[in-house]
Amino acid sequence: MNPHHKSLSKGSKFMGFLAGSTLLLSTLMMMPMEASAATIAGQTDSSASGTSQTVQNISTESIQAHASVNDLGRPSTPGTINNTTIPVGSTWDDTSGNPIQAHGGGILKQGGWYYWVGQDMSNNSSDTTAINLYKSKDLLNWEFVSTILSSTTNPGYTTDSTPGLIDPTTDEYDIERPKLLYNKSTGEYVLWAHWEDGRDYDASHLLVAESSSVSGHYTILHNFRPGAGQIVGDGPDPTYTGTDGNYGYSSRDFNVYEDPSTGDAYLISAENSSTMRLYKLTDNYTNVDWQDSYPLLSGDRREAPAMIKVDGVYYLISSLQSGWDPNQAMYTYTTNINNPNSWAPLQPLGNNTTFYSQPTDILEVNSASRNPQYIYMGDRNDPNALGSSTYVWLPLNIDSTTHTMSMSYTPWWSLASANGLGRPGVPSAPIKNGIDINGFILPNVSLVSQGKPVEGQDNVVPGHPLSYIDDGNYFEAGDPVTADTWSPNTQYYEQNKVPWSVTIDLQQVYDLSRVDLSWKQFNGSESYYDYTIEGSNNDSDWTLLADETQNKTVGFTSDMLQGKYRYVKLTVTGVFNSHNGSSTASWENGLLEMQVYANNLPQPITPLPVPSTPEGTYTTDQTITLSDPVKGARIYYTTDGTDPTNKSTPYTGPITLSRGDASTNNILLKAVACAPGMEFSGVTMQDYTLVDPNNIVSVLSPTEFAVTAAEGTAGLPTTLKAVNAAGNTIDNAPVAWNTSGLTFNPYTQVSVTGTMAGGYQVNATVDVVNADTIYFIHGQAGSDDSFFDAAKALLGNQLMNTVPDQAYDGNWGYTGTIGTDIGYKYSGPGIYGSGWWAYANKSIDYTLHLGPGNYTLISGYQEWWGATRSMTFSATDPSGNVLASVSFTTNSNTTATQEKIQFTLDQSEDVNVSVSKTGAPNNGSDAVMAWLAAEETPLTTAAT
């Protein structure tokens, strides 16, 4: 992305996009879940069921999915003032019920408070003109304090002598990604921000302001490029008033970090489109030591830095520069921040789009036990409505032994400590379906899909198999390790069309919680995927769990699920370029990872009830018995399509399914079971169709046939050869055709629908000819042409040609040479979809041997290339005398047109039929023709 283009440069702050849920649950999130594997599995050996017991007091709720979205501890409707969890990617309201506007921001812990500064984007503009301040005691509920920097608080223009906010040339400004420090030595709060002149990203300044109180007036101290006036730096600065060309180092996305062990502070900035730069701040934190700065991650195109120090090691997270669209975050580390050569190679963090986010900061908090915890802070921007952009804060695991970072997606979380400030605090209120994992309250779920069998079309694109969908790898590959979205080494399942489906067999029934999808993206052509998620317990009858057929989110999507199922199916219905809405289904079409999570239940799930008769179509009434592998399990069922509960009909004996007086009766049998000490089972669903044995279920007769125009409807067959529901072949099964509104014009194809016994619908194609047709020739159709075959079946030997087309054999055929005179064109099915085209200044010629009679020749045309053609259709005798001709024009609107000529022969003749270009040679487009027909009426003899 060109950082000097205004709209694109706004994209360079990126503010990420949806990323998928983690392939590998970090140690932080996974260890207790593994301990629950037996419970979440929900299956029990029937031999362990013990004696039969009566199941009592079974609640309806226990049959349903374990938790809904709002049950998971996430905030309820907008306007609430008491959040209980961090809403990941959802609207986050402040204590007054307004969406928090603190984008690109950072957090300062000071005096028992968290202070959050960030951009106010409520004007939905990429030019941010205000910085807001919020405060909180618990990280959950944020009180708006004030707008601490804007043209209202600081109305002055910036000059060389008096730094200010507003550019005097543009009368505009843009401030982004603010960060706040507190200097213990001076007692001052120091605010840093990225500043632009409101036009583009050419200025690339740092802005520094200072205040004696966190919410007080901030005086602007500097608006500058580091080293301006001293070094050439990174290209022209339109605000620079000097003439020496020493513009200094550019600075765009940046962050500041105070080392808690030394008090030293640092600034890391995206210097240009390829390199970042690290500076040490001066002791008062109000300037940078640019002379001792050094380039960082040169050539890796990184931005959006965030730093933390853990056990003497500095860790740095950053994103790739990819505009507004999400990409793979990476991290590096060093044990010596003063050594520019000590940084480790980049490693991936999160999934290929960092869970639809771009990093803004890393926050360290203390649990109730005073153990440090780390929180990744990211922005999830909506480019179409920036004011509605949200935040992605996630637990961040840092392993000091291996120097690795890991981060998993979760739709919500909270701290086990009420305030997280390192004081004992008051434990947070219990959260439904939440579990304490290393000091974080997280959804009590487990990843249950990884490594399970995947059903679908494998190896559609060689090297991108189905197995990649749940292999635990959702990272973007790179060369070397730069998360290049165009790298051929990324492991993802690739398709080349829509729709497509894949099904994961979880191998047992689980109480589903959510599905996370990490979609393949290509930078510059990012796409969104439309899709559905369905669940099944038999891999044939499906229940819709999530409908995302109107999805517009790129990169990563996560859907909450409900219900107990074994099979989970993803069906992709569309893939569209988010920049222009065009379909990319043939090339950018694939999935890095599909992750299915299930609720950890307090008891195992009762096995599914088993019907005695498989679902299907039957011609007699059926008696169904239900059983369950666990002795003593109580079964409930419905036959009206509704989901069964403990209020439904208890199963006490065989169920009779009857057709009654109806021709067809569809019965959907659903059943659940519950055994003592176990959760309710999933729903067994069986679809039974009871039909009259005389109902037609298939047709054996050809469904393309010909009629003459004079016959029309009367020429349609009244019976067809068919098969009934009992499996018997019926030679003359009645059919009633619906011909309302249809016309039967010569040399056209008409679609018609017929109804047979039991309501069976048969669709047929009717090919229309005239009763006196003696030739029907379809240009180069070869020996396989359905229109010709139907006409031949109707007209028999009256149709003189026995094949659709041929070279002249002394009786009839084309006389030109293929490859020099004529060529064949196929653009689609039907008699107008293919035919001949003439080479330059050549014609399409046939010779027909005709006896004495009155003749009508008809030819058919479609414009296959969108050209305008002037042509002549003519017939001549062996001496070259013109028997008849007509001139006409076709154009791009010509899809099915006919031309006709008529003449009389008193004796047998070899008639030359020609379609040629009208006009001078080398002028205009040459001739085309789809088909040719000849009709004959006999000569009349005068009375003597």
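Cut-offs and rules
Residues numbered from 1 in each chain as written. Predicted model: local features only at pLDDT ≥ 70, side-chain atom pairs only at ≥ 80, totals over all residues. Heavy atoms only, no water. Helix = DSSP H or I, 4+ residues; strand = E, 2+ residues; numbered from the N terminus. Pairing = 2+ DSSP bridges. Axes fitted to C-alpha atoms, helices over the stretch in contact; angles between N-to-C directions. Buried < 20%, exposed > 50% of the residue type's maximum accessible area, 1.4 Å probe, protein only. Core = buried A, V, L, I, M, F, W, Y, C linked by side-chain atoms within 4.5 Å. Contact = heavy atoms within 4.5 Å. Phe/Tyr/Trp six-rings, centres within 6.5 Å; stacked < 30°, edge-to-face > 60°. Lys NZ or Arg CZ within 6 Å of the ring centre and 35° of its normal. Polar contact = N/O pair within 3.5 Å; in protein donor to acceptor, adjacent residues only side chain to side chain.

Per an unreviewed UniProt entry, the recorded name for the protein is Chitobiase/beta-hexosaminidase C-terminal domain-containing protein, and the organism is Alicyclobacillus fastidiosus.

This part is about unusual backbone geometry. Outside of glycine, negative phi angles account for most residues, and trans bonds account for most peptide bonds. The omega torsion across Val 498 and Pro 499 is -5°, close enough to zero to call that bond cis. Tracing the backbone shows Pro 499 in the loop between strand E27 (493–494) and strand E28 (500–519). In this structure, Arg 177 is a non-glycine residue whose phi angle is positive, near 45°. Structurally, Arg 177 is set in strand E6 (residues 174–183). For Asn 438, which is not glycine, the phi torsion reads 55° and is therefore positive. Within the element layout of this structure, Asn 438 appears in the loop between strand E23 (434–437) and strand E24 (440–443).

For the rest of this paragraph, the subject is the sheet that holds strand E58 (residues 897–905). In spatial order, the strands read E50-E61-E55-E58; together these 4 strands make up an open sheet with antiparallel pairing. Strands with a single pairing partner mark the edges of an open sheet, and in this sheet they are strand E50 (773–778) and E58. On average, each strand axis in the sheet is inclined to that of its neighbour by 15°, with strand direction left out of account.

With 9 of its 9 residues buried, strand E7 (residues 188–196) lies for the most part within the structure. What you see with E7 is no split at all: Glu 188, Val 190, Trp 192, His 194 and Glu 196 on one side and Tyr 189, Leu 191, Ala 193 and Trp 195 on the other are buried throughout. Bridging between E6 and E7 involves 8 bridges; their strand directions are antiparallel. Bridge pairing links Lys 179 to Trp 192 in E7. Hairpin geometry of E6 and E7 is characterised by an intervening segment of 4 residues between the two adjacent antiparallel strands and by a positive phi of about 70° at Gly 187. Examined bridge by bridge, E7 and strand E8 (residues 205–211) share 7 bridges and lie antiparallel to one another.

It is worth spelling out the nonpolar core at this point. Ranked by internal contacts, the top residues of the largest apolar core, which has 64 residues, are Trp 116, Leu 139, Trp 142, Trp 393, Leu 396 and Met 405. Residue contributions to this core peak at 6 residues, all from strand E20 (residues 390–399). The contacts of Leu 139, once residues within four sequence positions are left out, are Ile 86, Trp 92, Ile 107, Tyr 114, Leu 363, Val 365, Ile 375, Trp 393 and Leu 415.

Turning to the side chain of Ser 449, a few remarks are in order. Inspection of the secondary structure puts Ser 449 in the loop between strand E25 (445–447) and strand E26 (454–456). Owing to a relative accessible area of 0%, Ser 449 belongs among the buried residues under this scheme. Every residue in contact with Ser 449, bar those within four places of it in the chain, is listed here: Asp 470, Ile 504, Leu 506, Met 594, Gln 595 and Val 596.

According to the stated counting rule, one finds 40 aromatic pairs in the structure shown. Ring centres of Trp 116 and Trp 393 lie 4.8 Å apart, and the angle between their planes is 50°; on these two criteria the pair is classed as tilted. A residue pair is termed long-range when its members are at least 10 positions apart, and Trp 116 in strand E3 (residues 113–119) and Trp 393 in strand E20 qualify at 277 residues. Exposure class is identical for Trp 116 and Trp 393. Each is buried. Connected via pairs of aromatic rings, a cluster forms that spans Trp 92, Trp 116, Tyr 134, Trp 142, Phe 144, Tyr 391 and Trp 393. Its end group placed over the ring of Trp 113, Lys 135 keeps NZ or CZ at 4.4 Å from the ring centre. Between Arg 277 and the ring centre of Tyr 249, over which it is positioned, the NZ or CZ distance is 3.8 Å.

This brings us to the sheet that holds strand E10 (residues 254–258). Spatial ordering of the open sheet is given by E10-E11-E12-E13, a layout of 4 strands whose pairing is antiparallel. What marks the edges here is a single partner per strand, and that holds for E10 and strand E13 (294–296). Direction aside, the axes of adjacent strands within the sheet are offset by 25° on average. Where strand E12 (residues 276–280) and E13 come together, 3 bridges link them in antiparallel fashion. Residue Leu 278 lies in a different strand from E13, and its bridge partner there is Tyr 294.

What follows is about the side chain of Ser 204. In this fold, Ser 204 is placed in the loop between E7 and E8. Owing to a relative accessible area of 0%, Ser 204 belongs among the buried residues under this scheme. Separated by 2.7 Å, the side chain of Ser 204 and the backbone oxygen of Tyr 201 make a polar contact. In contact with Ser 204, other than residues within four places in its own chain, are His 194, Trp 195, Glu 196, Arg 225, Tyr 249, Ser 250, Ser 251 and Arg 252.

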